[in-house]
Amino acid sequence: MLRHELQPGKMIAGLVLVVAGVLYAGDAGGAWEIPWFMAIPLVTGGLCLAGAVAFLTGRVRRRRQGGRTGADLA
């Protein structure tokens, strides 16, 4: 099985969009009442958080690989 690297920024973005979808599905089903404009700060804030986490993850990975060359990685 091929392994892939963990990308926490994408995970956070996905979770935020799933939460927004669940909230509005509950609103459409009549379980609770959510104002329509709540999607804007929820999605925008979640995507900004995901971008910040992805940026920090990239910086940490580049810093850890700082002294390695192509021959060291193989």
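Located above this text is the structure these notes cover.
As a further point, take the overall build of the protein chain. Looking only at helices and strands, the protein chain has 3 helices and 0 strands in total. Going from the N terminus to the C terminus, the protein chain shows its helices and strands as α-α-α. Expressed as a percentage of the 74 residues in the protein chain, the buried residues total 14%. Carbon and sulfur atoms provide 68% of the accessible area of the protein chain, an area that totals close to 6100 Å².

Tallied over the full model, the rule gives 1 aromatic pair. The interplanar angle of 85° and the centroid separation of 5.8 Å between the aromatic rings of W36 and F37 together place this pair among those described as edge-to-face. Overall, W36 belongs to the exposed group, its relative accessible area being 68%.

In this section: helix α2 (residues 39-64). Between the first and last C-alpha of α2 there are 37 Å, a value that for 26 residues agrees with the 38 Å anticipated at 1.5 Å per step. Those residues of α2 lying buried are G46, A50 and T57. Buried positions along α2 lie against α1 (8-29).

A separate point is α1. In this model α1 runs 31 Å from its N-terminal to its C-terminal C-alpha over 22 residues, within 8% of the 32 Å that 1.5 Å per residue would give. Burial in α1 covers these residues: P8, G9, A13, V16, A20 and G26. The buried side chains of α1 occupy one side of the element, clustering within an arc of 160° when seen end-on. Of the exposed residues in α1, those oriented more than 90 degrees away from the buried face are K10, L15, V18, A28 and G29. In this structure, the buried side of α1 is in contact with α2. The positive-phi residue at the C-terminal boundary of α1 is G30, with phi of around 90°.

What follows deals with a nonpolar patch on the surface. Together, W36, F37, M38 and I40 give the surface a local cluster of nonpolar side chains, amounting to about 490 Å² of exposed area. Structurally, the position occupied by M38 is in the loop between α1 and α2. A residue is classified by how much of its surface remains accessible, and M38, at 38% relative accessible area, is partly exposed.

Turning our attention to the environment of L49. Inspection of the secondary structure assignment puts L49 in helix α2. What makes L49 partly exposed here is its relative accessible area of 48%. Separated by 33 residues in sequence, L49 and V16 place their C-alpha atoms 9.7 Å apart.

Cut-off values and rules
Residues numbered from 1 in each chain as written. Predicted model: local features only at pLDDT ≥ 70, side-chain atom pairs only at ≥ 80, totals over all residues. Heavy atoms only, no water. Helix = DSSP H or I, 4+ residues; strand = E, 2+ residues; numbered from the N terminus. Buried < 20%, exposed > 50% of the residue type's maximum accessible area, 1.4 Å probe, protein only. Areas by Shrake-Rupley, 256 points an atom, 1.4 Å probe, with all protein chains shown as cover. Phe/Tyr/Trp six-rings, centres within 6.5 Å; stacked < 30°, edge-to-face > 60°. Expected span 1.5 Å × (residues − 1). Contact = heavy atoms within 4.5 Å. Arc of directions from axis to C-beta. Patch = residues over 30% accessible without salt bridge, like charges linked within 9 Å, V, L, I, M, F, W, Y side chains within 5 Å. Salt bridge = Lys/Arg side-chain N within 4 Å of Asp/Glu carboxyl O.

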